[in-house]
Amino acid sequence: MSGRGELEARNVSYRYSRAGPAVFDSVSIRARRGELLVLTGPSGCGKSTLLFLLGLMLRPNEGVITFGGVPLSSARERERSRFRARDIGFVFQDAALDRSRTILSNICEPAVLNRVPRREAVRTASDLLDQVGLDLPMCRRADGLSGGQAQRIALCRALICNPQFVLADEPTGNLDAESERLVLDRLQSEAGSGRTVVVVSHSDQVKARASRAVEIRG
Amino acid sequence: MIHLLIDGVRAARERLLASGLGVVAVLAFMGGMATILARSDSEGTALKRSLESEASRVLEVRAGGDTPTLPSWFATTVDEFDTVEGVVSLGPVSDVDHSETGRGPLPLWSITGGGELLGVGRCDPRLPVAVLDDRALGEMGLSVARGALVERGGQPPGRVLAIGGSTRIAPEWNRPVAAYTTCSSGLDEESPETITVLVLVENLSDVSSVTSQLRSVIQPIGRGVSVISDADVIRFRNDVAVAAVDQRRRNLVTVTTALLGVSLLIGVVMGIARKPSFGRLRALGATRADLALLVWAETTTVALVAVSIGSLAIVTAQASVHPWQELSWLPWLGILALILAGVGTLPAVVLASLTDPVKVLRQP
Ligand SMILES: Nc1ncnc2c1ncn2[C@@H]1O[C@H](COP(=O)(O)OP(=O)(O)O)[C@@H](O)[C@H]1O
Ligand SMILES: [Mg+2]
């Protein structure tokens with residue numbers, strides 16, 4: 001029986017095209033609430049693909065993905081999008097900020113999608129920036145930031161709607177050691193505060209913080 | 001929904017502030033369009049001028065058809081061509097009952113007074129016209145001689161050029177009516193070299209009789225009458241009308257193209273530039289509809305800014321070649337701009353809604 005905050009992939013198979021090779025075949029994986037699960041494996045083995053599947057951006061060809069026991073991998077597109085906005089915080093490898101918008105607007109993107117009142121979103125954004133140790137004016141444009149600053153902003157964006165699940169695809173791939181430490185601190189404490197965190201990484205630093213590490217084989 | 005629209009507008013503002021360059025580019029484009037527009041307009045104006053000067057050299061002849069009132073083009077023609085100095089009218093050009101004689105409709109202007117000095121009532125004071133019905137005059141006990149002065153309310157008196165009793169006007173009238181014009185200043189040796197007179201006749205066959213009578217009055221003072229054919233008149237009028245319509249159509253096409261072009265350009269450029277953003281937003285949970293709204297609000301805001309600047313340029317360019325009263329279409333320009341700014345950005349919306357988040361996120 002799946003508990004609250006549990007993210008599970010059961011016997012999932014995926015291929016990018018009908019004729020193409022399977023990226024993986026019948027993979028099962030489970031992340032529990034409060035856990036920092038790290039997915040490792042050689043480049044090209046399908047870690048990102050698995051994370052996109054878990055993030056409801058791809059649909060498995062076979063198998064099912066459940067969130068707190070609710071199968072969402074086969075839900076309608078709109079429902080999946082809504083769930084993604086509300087309950088999943090996604091951290092992309094290269095931060096993926098909109099450089100021509102302000103730091104605040106970047107952080108608030110999920111809040112806008114969730115129709116969170118502006119005032120409330122601004123307050124949360126400000127608190128989150130404090131928590132990740134960033135002392136930048138929120139109305140500044142998200143341009144000319146260091147990789148570490150950008151990734152911490154991206155982390156704030158992932159967390160602004162207080163999601164149950166946090167998925168991160170090599171979030172420290174391009175960061176220096178100090179920035180990596182700050183980001184991992186944050187992810188670890190998010191797991192500690194009861195979120196379900198799944199991180200794709202081949203970094204030893206990340207593995208060292210993991211509650212559990214799962215190796216994906218190609 | 002309102003959240004998304006507001007954030008779209010906010011994004012546009014942030015982006016516009018971020019890229020002064022984009023604004024400058026749009027400005028330059030719109031400026032260019034406005035110049036083209038202004039030039040195409042001044043061509044139209046020149047054409048109209050040449051037609052007008054042409055008009056001052058002809059005696060315009062027109063068949064009145066069976067319209068009992070002044071044809072609708074009449075007033076505009078006289079307004080448009082201030083070189084027209086007189087009107088000769090033959091035939092029933094009014095449906096006003098002539099109560100004094102009880103004989104049904106008379107020409108628009110009726111005679112009052114008597115003796116040498118006659119007054120002509122109901123005359124459009126802008127038109128130096130007298131229309132005389134000799135039988136009606138007779139029944140009223142009036143007699144009018146050629147050369148008599150005709151006074152029209154407040155206007156300088158005109159002189160009756162000719163009176164003739166031989167022109168049949170309309171079957172139901174079946175009686176001779178002479179209808180001759182005066183020239184506003186009277187007709188003498190000091191009259192201008194060319195006097196342009198519009199002649200309204202019931203039948204084209206009346207033209208020759210009118211012409212010969214005019215000629216007999218005019219010749220003693222050394223002026224001739226030239227008559228252009230009905231076909232020429234029609235062609236002439238068509239030219240003017242076509243020129244005017246062409247100009248309007250050209251304006252509309254140019255303005256529409258410019259505005260739509262700008263919106264499209266902005267939409268597509270922003271759409272392509274922001275493709276990674278679309279992918280990210282989809283990944284963050286934007287539904288296709290959310291994304292469409294966001295992108296539409298954002299690109300439309302930018303397009304509106306650009307289009308407003310462009311419209312200002314068009315207004316400036318237009319105002320420099322036209323008097324203000326000819327620019328009554330400008331409010332429509334505003335409405336058109338609003339609509340086109342919204343419509344022009346739709347391709348961007350479509351582009352956005354097609355974005356596959358996974359594909360986009362994989363691109364480095
Ligand atoms: N859009 C795609 N179409 C076809 N194959 C793809 C696509 N994206 C990734 N792949 C393939 O899927 C496999 C797994 O890729 P990925 O999940 O990115 O691996 P990882 O993140 O572990 O490096 C790779 O062999 C890659 O070439
Ligand atoms: Mg990867």
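Look a little higher up for the structure.
This one's a predicted model, so the numbers in the text were calculated from it and none came from an experiment.

A. Representation of the interface of chain B and chain A within the structure. Opposite the 25 residues of chain B that make contact, chain A presents 31 residues. Buried surface at the junction of chain B and chain A, both sides included, amounts to about 2500 Å², of which 55% is carbon and sulfur. Counting across the chain B and chain A interface gives 7 salt bridges. In this structure, the salt-bridge partner of Glu77 of chain A is Arg282 of chain B, at a minimum N-O distance of 3.0 Å. For the interface between chain B and chain A, the tally reads 12 residue pairs in polar contact (both at pLDDT 80 or more). Those elements that place two or more of their residues in the side of chain B that touches chain A are helix 1 (2–18), helix 7 (275–283), helix 8 (288–321) and helix 11 (357–362) of chain B. Ranked by the residues each element gives to the side of chain B that touches chain A, the list is headed by helix 1 of chain B, at 8 residues. Class assignment for the residues of the side of chain B that touches chain A results in 12 nonpolar, 4 polar and 9 charged.

B. How the structure looks around unusual backbone geometry. Residues and elements named next belong to chain A. The backbone of Ser26 sits at a positive phi, close to 50 degrees, despite the residue not being glycine. Look at Ala95: it is not a glycine, yet its phi comes out positive at around 70 degrees. Examined against the element boundaries, Ala95 turns out to sit in the loop between strand 6 (88–91) and helix 3 (103–113).

C. Looking closely at the packing of aromatic side chains. Residues and elements named next belong to chain A. Going through the model one piece at a time under the given rule, you end up with 6 aromatic pairs over all chains. Between Phe83 and Phe165, the aromatic rings sit 6.3 Å apart at their centres with planes inclined by 40 degrees, giving tilted as the arrangement. Residue Phe83 is found in helix 2 (residues 77–87), and its partner Phe165 is found in strand 7 (residues 165–169); the two are separated by 82 residues along the sequence. Assigned by exposure class, Phe83 and Phe165 land together as buried. Taken together, the ring pairs connect Phe52, Phe90 and Phe92 into an aromatic cluster.

D. Examining the sheet that holds strand 4 (residues 62–67) of chain A more closely. Residues and elements named next belong to chain A. Spatially, 4 strands are ordered 2-1-4-5 in an open sheet, and the strand pairing comes out antiparallel. Two strands close off the open sheet at either side, each with one partner strand: strand 2 (22–31) and strand 5 (70–71). Here strand 1 (residues 7–15) pairs with strand 4 via 5 bridges, running antiparallel. Paired with Leu7 across the strands is Phe67, a residue of strand 4.

What counts, and where the lines are drawn
- Residues numbered from 1 in each chain as written.
- Chains lettered and ligands numbered in written order.
- Predicted model: local features only at pLDDT ≥ 70, side-chain atom pairs only at ≥ 80, totals over all residues.
- Heavy atoms only, no water.
- Contact = heavy atoms within 4.5 Å.
- Buried area = accessible area lost by both parts, 1.4 Å probe.
- Salt bridge = Lys/Arg side-chain N within 4 Å of Asp/Glu carboxyl O.
- Polar contact = N/O pair within 3.5 Å; in protein donor to acceptor, adjacent residues only side chain to side chain.
- Helix = DSSP H or I, 4+ residues; strand = E, 2+ residues; numbered from the N terminus.
- Nonpolar A, V, L, I, M, F, W, Y, C, P; charged D, E, K, R; others polar.
- Phe/Tyr/Trp six-rings, centres within 6.5 Å; stacked < 30°, edge-to-face > 60°.
- Buried < 20%, exposed > 50% of the residue type's maximum accessible area, 1.4 Å probe, protein only.
- Pairing = 2+ DSSP bridges.

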